Amino acid sequence: MSAYKKRMLTDYTSTVTHTDVELSGSEENASSSRGRRHIDEEDSLRSPKRLRLNPRSLVLPDIERITDLQKAQAALDDLSTQIHTISENGVSVSVDEIVAVCEKLCDLFHIFHSLHSVILRRMGELLKLSLGTSCFPVLRPFIIKVLNSTSWDTRIRVQLARILLEAGVKHRQNSAFCWHIVTIVDKFLWRNFSLTAPLSSDAHGEDDITDGNIQGDDEMMQRDSGWSVLLASCLDVIGEVLPYRDTSRQYVLSLWNRFAQDGCNEVRAAAYRMLDALTERGFRMRFSLTTYRRLCNDLEDIDSSVRSSVMNLIFRLSDDYPSQQVANAQAVHSSETTETINLVDDVFCKICDRVNDWEINIRAQAASILGRMNGVTLDYILQTVDKKLMSDLRVKVAGHERQKRLFESGEWSSGRKWADDAPKERLQQDDVSLMSIGATGAFVLALEDQFQEVREQAVISMALLAEKHPTFGSTSAEFLVDMFNDEIHDVRLKALQMFPRLGGGVELREDQLEMVLTVLQDATLDIRQGLRSILPTLKYSSAKLIRMVHTELLNNLKQYPSDHGQICQCLAKIGASNGALIAEEATVYLNIHPYLHSSETKSDDKIYIGTMALLCNAASSTPEIVKVFLDFHLRHYLLYRYKYPEWFPYLDTAGNARLKSRKGSLQKYPSADGNIASFLAILERRFVEAKGYRNIADILDVGRKEIQNMVQWNVSQEAAGAWLDLQFRFASRYVEALENSENDMLRENDVNEAGVSKSIVDEMRTLFTGMTDRDRLLTATLILQDKLLQALQSGERSGDLVEVGPEILIDITDLEGMSGKYGEKLPRWISGIGDDLKTMYATKLPYSKLLSWLRSCIPVPRLPGSEIQRVSVNIVSPIENEYVVNVVAGTIHKIPLEAVVEGCLDLAGIVICILLPDGRRLVVYPTAKDTTTESDADGRLKFFIKKDLAVSQSVWSAAAAIIVQLAKTVVGKTLSLLGNGNYQLLQEEDTKKLLYLGKAVTYKVMPQSIRTHL
């Protein structure tokens, strides 16, 4: 036992030879390996070599050492850990080890009867390994014996069948292994259920299925619930594992014919699941009227799994044979000739009938299949939104139609309603046919289902059918508009996402548009943004409707100021597609009075910016709008054109005399991007001409301010401006430190200047994405300069020599490798310092020499690549609450968080930081279910984080402020958090490893104790 424990605890073995030490379960191998390790240790004293760690192999102790149940349980638990390590970390394991472990597991199975389930699970884990198929010859006799022996518990045999199923699905590409599994199951079925022909005697035959005796009296006597589950598991194995071949067609259909009409629900459902799984993997059924009628009859089966599989089968059958003619059994016309319809139309009607099913999952599946059907006649599709019930000619009125009647209702002065004397519609028997009664009103019922799963699938299917049939798109638009106000968030969001698939030019009435615009008041960001993406695609019949949309969007901007960018973009798109209608009320939008003077609006007013975005985009197609602009409108347009180029298009204002006299024509206005590049070139020349550190510092200060001003004129260069700003900060601190070092005026805090510069470089590496090779080389060069500057200030000195450390030479070598890889030329000072270190003292440089090199390499800011992005965060919710929220002390309070993260490729390193009033800092990592991703036209990703933060606070004397902010971990740093679970405690030393993003939000609460009254 002691030897066994020692082997279990030895996770790694130290080896200095070139051959790996092979571990086994025998004592001889263990003792020999210990002897070899002893010899190797003696040799290592004479000639030390590099230590190599080899992971432990797959090991299970000998049966003789497992003397009781507790030891067996411990050995099996350790084996599970080893298997998990092998599968997760890709540790190599030999076939002999797997085979040896399988043999020991078979012996343990016969010894410890209470561990049967655990042992079978270990066998299943071994079979699912990459080399698991190699141990199947050892397990095959054991599997056959246990599966066919009635002495074992039926539950054990069921578990064994499910293990075979999982292993077969894992190694589905290995057809030989799958055939071995299917052969074992087939022989079990053939022996116990008297099948007419085993798998080995397959032959081609017709697919027509005839009814026959399902089972004999002897079989019924031995069948119980356990046998039914075992049989169902075996059929699942055949459906998921059987490699499809032409010779297995008749065998599959014979199994289905044998068990599809079984009296047990589990067996019947498994038979249909088997056929469904095979057809999904490529098995194609040959069309037969007998088979199709039998499938249609089973649509009314009492078991929901059967109905689900049948729907999939007839859907695939209609996809393979869409134009096959079948008899219309629902036709009411009596004639000598039988009426026939296309198979795809008949299947469409039958699946529409399943929308009325009593099971939720069946209704949702039916609604989902309707959208995936191809080739359906348009008349059948249109009847899915028809409310006329053919049973008693009642009319089912949808919500939007009730609203329409209310909107159009009116009466004469006499009190009679409009159109009271209009002739009523009379329906004759010859005018309608009951052949499509299944399709009538299917989507109407699905959209009004009480469960959101059905409604959501119905919305998706209607959008998919509308893409294929534009006529249906205009009809279904009204129904999707009703779903914008659904009570469930996911349904509303799905309706908003699917609406653009109906095609452009959907025209809504005024009452419908009013109902749609109420969605803008939704508290969820993705709902509001989804509606704003729909509004530009609508067709507006009058200028009044556009005016209504404009007013609601501006009111929405007052309610949610953080949505300014999305609202302006929406208004810009609406203006670009409706220029003529907007031109009719251009003076109304700008508040221009025909006689009175109009005062100039502030250029930073967000509502005014949105209105100008609407009008300027409309002016791109209707130039007459520009003539309405006043002088300050034209000046503001020039400002917005370069500050928000994505919202304001180019307008030909060269012919406007007022604009020429003030600012010149727009075509002659210089580009902000060109200004930055030319300014940096001038700045570099000034660096060369400057004398003294003070002049260089003044040049850096002026340059930094000028770059900030240029970026204000062009928001698209905001990331490049932030990159340049960090370089200016680094250069200013670099010059200041050099001046202090040269004048021997070091203060106490000057020693930390290099550390501050290092944090600037960390910010450049962490908060920017899309960097080019030149940008990466620049950051590496700045890191080297920072290290050299730190050595100059605080390095150890021995006479005139300064200790720079061995890592400097390593960094220079890495930089030379990067320059060769990227094709960039290194500055001369880098190679000069490297040569001095190699030829002089390796880790030391003369103080004057080092100072001379650092003086010659003052960093000049460089413009980054065009694809660079800066990580930015906008916290939409929570907002800083004006009123304190009263909560019960000690209880969990939920704070809904909604944030938008831009400028990054993924959310790696992004954390949510929560600062509690007592000083604790909690860190929460957003999970995959908390995030959604969108991409803009340029392919740039935008991440939406939605998560409910759970916080708790003890009794506080005053209003407690909870601060929420997002942060990103510095590249190359790891947080050492305390605690387990989703909420972990941030230590004080880890705060420097985080870079906070965006503006922090303060959420005020008042924790109060529970007052009990006697």
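Residues numbered from 1 in each chain as written. Predicted model: local features only at pLDDT ≥ 70, side-chain atom pairs only at ≥ 80, totals over all residues. Heavy atoms only, no water.

**Regarding the overall build of the chain**
Formally: The numbering of helices and of strands both runs from the N terminus, where a helix is a DSSP run of H or I of at least 4 residues and a strand a run of E of at least 2. Working rule for contacts: check all heavy atoms of both residues, and any pair within 4.5 Å makes them a contact. Using the Shrake-Rupley algorithm and a 1.4 Å probe, accessible areas are obtained, with residue cover drawn only from the displayed protein chains.
In terms of regular secondary structure, the chain is built from 39 helices and 23 strands. Taking all contacts inside the chain whose residues are at least 6 apart in sequence as the whole, residues at least 24 apart take part in 75%. Surface summary for the chain: the accessible area is close to 50700 Å², and the carbon and sulfur share equals 50%.

**A few points about the environment of Tyr560**
So the rule is basically this: Pairing of N or O atoms within 3.5 Å defines a polar contact, subject to two protein rules: one partner must be a possible hydrogen donor and the other a possible acceptor, and residues neighboring in sequence count only if both atoms are side-chain atoms.
Looking at where Tyr560 falls in the secondary structure, it is placed in the loop between helix 25 (543–559) and helix 26 (564–577). Separated by 40 residues in the primary sequence, Tyr560 and Leu520 place their C-alpha atoms 9.9 Å from one another. Here Gln521 takes part through its backbone oxygen, which lies 3.4 Å from a polar atom of the side chain of Tyr560. Within the local environment of Tyr560, its side chain forms a polar contact with the backbone oxygen of Asp522, the two atoms lying 3.3 Å apart.

**Points about the pattern of salt bridges**
Condition: For salt bridges, the criterion is a side-chain nitrogen of Lys or Arg within 4 Å of an Asp or Glu carboxyl oxygen. With a 1.4 Å probe rolled over the protein chains alone, any residue whose accessible area is under 20% of its type maximum counts as buried; one over 50% counts as exposed, and the rest are partly exposed.
Here the structure, examined in full by the defined rule, presents 30 salt bridges. The closest approach of N and O atoms between Arg354 and Glu300, which form a salt bridge, is 2.9 Å. Taken together, the residues span a long stretch of sequence, with Arg354 in the loop between helix 15 (343–353) and helix 16 (360–372) and Glu300 in the loop between helix 13 (289–297) and helix 14 (304–320) at a distance of 54 residues. For Arg492, the salt bridge is made with Asp522, and the minimal N-O distance between the two is 3.0 Å. Here the residue Arg492 occupies a position in helix 22 (residues 489–498), and Asp522 occupies one in the loop between helix 23 (510–517) and helix 24 (525–534), the gap between them amounting to 30 residues. The exposure classification of Arg492 matches that of Asp522, with both residues buried. In the salt-bridge network here, residues are joined through shared partners; they are Glu300, Arg307, Arg354 and Asp357.

**Quick word on the packing of helix 34 (residues 718–742) against helix 36 (residues 773–794)**
Going by this rule: Axis definition: a line fitted to C-alpha atoms, over the contacting stretch in the case of helices. Angles run 0 to 180 degrees between N-to-C directions. If an angle is under 35 degrees, it is roughly parallel; if it is over 145, roughly antiparallel; if it lies from 65 to 115, roughly perpendicular; otherwise it is oblique. A clockwise turn of the near helix away from the far one marks a right-handed crossing, whereas an anticlockwise turn of less than a right angle marks a left-handed crossing. Residue type decides the class: Asp, Glu, Lys and Arg count as charged, Ala, Val, Leu, Ile, Met, Phe, Trp, Tyr, Cys and Pro as nonpolar, and the leftover types, Gly among them, as polar.
Two numbers describe how helix 34 lies on helix 36: the axes approach to 11 Å, and their chain directions differ by 20°. As the angle between them shows, helix 34 and helix 36 are arranged roughly parallel. For the element pair helix 34 and helix 36, the recorded crossing hand is left-handed. Residues Trp723, Gln727, Phe730, Tyr734, Ala737, Leu738 and Ser741 of helix 34 touch helix 36, and the partners they reach there are Asp775, Leu778, Thr779, Leu782, Gln785, Asp786, Leu789, Leu792 and Gln793. For the contact of helix 34 with helix 36, a count of residues per class yields 9 nonpolar, 5 polar and 2 charged.

**A few points about the pairing of strand 18 (residues 921–924)**
How we decide: A strand pair is defined by DSSP finding two or more bridges across the two strands.
Pairing analysis gives 4 bridges linking strand 17 (residues 910–915) to strand 18, with the strands arranged antiparallel. Its bridge partner lying in strand 18, Ile912 is registered against Val924. Between the end of strand 17 and the start of strand 18, which pair antiparallel, lie 5 residues, with Gly919 showing a positive phi angle near 95°. Across 3 bridges, the pairing between strand 18 and strand 22 (residues 983–985) is antiparallel. Looking at the pairing, Leu922 lines up with Leu985 of strand 22.

**Some points on the sheet that holds strand 15 (residues 885–888)**
Strands sit in the order 15-23-21-17-18-22 across an open sheet of 6 strands; the sheet is mixed. Both edges of this open sheet fall to strand 15 and strand 22, since each of them pairs with a single strand only. Averaged over all adjacent pairs, the angle separating strand axes in this sheet is 35°, with direction ignored. Relative to strand 21 (residues 960–969), strand 17 runs antiparallel, the two sharing 6 bridges. Paired with Ile912 across the bridge in strand 21 is Leu966.

**Describing helix 12 (residues 265–280)**
A turn of α-helix holds 3.6 residues, and therefore any two residues three or four places apart point the same way. Let me state the cut-off plainly: Helix span, expected: 1.5 Å multiplied by one less than the number of residues in the helix.
A rise of 1.5 Å per residue sets the reference length of helix 12, with its 16 residues, at 22 Å; its end C-alpha atoms lie 22 Å apart and thus fit the reference within 8%. Judged by how many residues are buried, helix 12 sits mostly within the fold: 12 of 16 residues are covered. Buried within helix 12 are the following residues: Val267, Arg268, Ala269, Ala270, Ala271, Tyr272, Met274, Leu275, Asp276, Ala277, Leu278 and Thr279. Gly282 occupies a position one or two residues after helix 12 and carries a positive phi of about 120°.

**Let's talk about the side chain of Asn556**
Position of Asn556 among the secondary structure elements: in helix 25. The exposure class of Asn556 is buried, given its relative accessible area of 0%. A distance of 2.7 Å separates a polar atom in the side chain of Asn556 from the backbone oxygen of Leu520. Leaving out residues up to four positions away in the same chain, Asn556 has contacts with Leu520, Arg528, Arg532, Asp563 and Ile567.

**Comments concerning the confidence of the model for the chain**
Test applied: By definition, pLDDT measures how confident the predictor is in each residue, and it falls between 0 and 100.
Confidence in the prediction for the chain averages 75 pLDDT; 77% of positions are at 70 or higher. Residue range residues 201–222 is modelled with pLDDT below 50. Its contacts to residues more than four positions away, or to other chains, number 36 contacts. For residues 332–337, every residue scores under 50 in pLDDT, and the model assigns this stretch 2 contacts once sequence neighbours within four places are set aside.

**So, the packing of helix 4 (residues 95–111) against helix 5 (residues 116–127)**
Orientation of helix 4 relative to helix 5, taken along the N-to-C sense of each, is 165°, at an axis distance of 10 Å. On the basis of the axis angle, helix 4 is roughly antiparallel to helix 5. Every pair of crossing elements has a handedness; the one defined by helix 4 and helix 5 is left-handed. Across the interface between the two elements, Val101, Cys102, Leu105, Cys106, Leu108 and Phe109 of helix 4 pack against His116, Ile119, Leu120, Arg122, Met123 and Leu126 of helix 5.

**A look at the side chain of Asp725**
Within the secondary structure layout, Asp725 lies in helix 34. Engagement of the side chain of Asp725 in a polar contact is seen with the side chain of Arg704, the distance being 2.7 Å.

**Some details on the sheet that holds strand 14 (residues 872–877)**
Taken in spatial order, the 4 strands make up an open sheet running 14-16-20-19, and their pairing is antiparallel. Because the sheet does not close on itself, it has two edges, and the strands there are strand 14 and strand 19 (931–935). Strand-to-strand, the axes of this sheet are offset by a mean angle of 25°, without reference to chain direction. Note that strand 19 and strand 20 (residues 941–952) share 5 bridges and pair antiparallel. Paired with Thr932 across the bridge in strand 20 is Phe944.

**As for the packing of aromatic side chains**
Quick note on the threshold: Here a Phe, Tyr or Trp ring, Trp counted by its six-membered ring, pairs with any other such ring whose centre lies within 6.5 Å, and the pair is stacked when the planes are under 30 degrees apart, edge-to-face when over 60, and tilted otherwise.
On inspection of all chains with the given rule, the structure shows 11 aromatic pairs. Aromatic side chains Phe484 and Phe499 sit 5.6 Å apart centroid to centroid with 65° between the ring planes, which places their arrangement in the edge-to-face category. Note that Phe484 is positioned in the loop between helix 21 (470–482) and helix 22 and Phe499 in the loop between helix 22 and strand 7 (506–507), a separation of 15 residues in sequence. A relative accessible area of 2% places Phe484 in the buried class.

**Brief notes about the environment of Val871**
Note on placement: Val871 falls in the loop between strand 13 (869–870) and strand 14. Taking C-alpha positions, Val871 is 7.7 Å from Leu997, a pair spaced 126 residues apart along the chain. If sequence neighbours within four positions are ignored, Val871 has contacts with Thr766, Leu767, Val901, Glu902, Gly903, Cys904, Lys968 and Leu997.

**Some words on the environment of Arg121**
If you trace the backbone, Arg121 turns up in helix 5. We classify Arg121 as partly exposed; its relative accessible area is 41%. When the C-alpha atoms of Arg121 and Ser80 are compared, they prove to be 9.1 Å apart, with 41 residues separating the residues in sequence. Sequence-distant contacts of Arg121, that is, excluding residues within four places in its chain, are made with Gln159 and Ile163.

**Some words on the state of the cysteines**
Stated precisely, the cut-off is as follows: For this text, the term disulfide refers to a pair of cysteine sulfurs within 2.5 Å.
Applying the stated criterion across every chain yields a total of 0 disulfides. Of the cysteine sulfurs around Cys352, a residue in no disulfide, the closest is that of Cys349, at 6.2 Å.

**Some details on the pairing of strand 21**
Burial within strand 21 is extensive, with 8 of its 10 residues counted as buried. Sheet topology places strand 21 next to strand 23 (residues 994–1008); 9 bridges connect them, and they run antiparallel. Considered in strand 23, the bridge of Ala961 is made with Lys1004.

**Details of unusual backbone geometry**
A positive phi angle, close to 55°, is found at Asn591, a residue other than glycine. In this fold, Asn591 is placed in the loop between helix 28 (586–590) and helix 29 (606–619). The class for Asn591 is exposed, based on a relative accessible area of 62%.

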